[in-house]
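# Structure assessment
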Amino acid sequence: MTQALETVPENEVAEEETAPHLVEVPLQVEAILGTLRMTLRAISSLKVGEVLQTSKAAGEPMDLRVNSVLLSAAEVFPRGEKLDLRVTDMYFQD
């Protein structure tokens, strides 16, 4: 079941809410470009150069997930040879 998420303004997130002994625990962060559903047949026949259409529109923010939990939205922008992410919204469960 999906829980409601709310956007929390940046200035309302307090650093002191995090326990000091937990701040150095490594977490898996994923930037989700988009999602799509494919059959096993379609996946097994993929070839180099094929184009896959995702659920996101061009320019739409990416989802950022921490340990598979939706945390925020971010926009993608190039910086030199790399792509960077700028956080645009933060989400917290009620």
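## Brief notes about the pattern of salt bridges
Under the defined criterion, the tally for this structure stands at four salt bridges. One salt bridge in this structure joins R79 and D84, with 2.7 Å as the shortest N-O distance. By relative accessible area, R79 is classed as exposed at 53%. A network of salt bridges, in which partner residues are shared, links K56, E60 and D63.

## A few points about the environment of A74
In this fold, A74 is placed in strand β4 (residues 69-79). If we skip the residues at most four places from it in the chain, A74 touches P61, M62, L64, L85, R86, V87 and T88.

## Regarding the confidence of the model for the chain
In the predicted model, the chain carries a mean pLDDT of 82, and 79% of its residues have values of at least 70. Across the chain, the element-wise mean pLDDT spans from 50 in strand β1 (residues 5-7) up to 95 in helix α1 (residues 40-44). The model gives residues 1-5 a pLDDT under 50, and that stretch makes seven contacts with residues more than four places away or in other chains.

The rules behind these values
- Residues numbered from 1 in each chain as written.
- Predicted model: local features only at pLDDT ≥ 70, side-chain atom pairs only at ≥ 80, totals over all residues.
- Heavy atoms only, no water.
- Salt bridge = Lys/Arg side-chain N within 4 Å of Asp/Glu carboxyl O.
- Buried < 20%, exposed > 50% of the residue type's maximum accessible area, 1.4 Å probe, protein only.
- Helix = DSSP H or I, 4+ residues; strand = E, 2+ residues; numbered from the N terminus.
- Contact = heavy atoms within 4.5 Å.
- pLDDT = per-residue confidence, 0-100.

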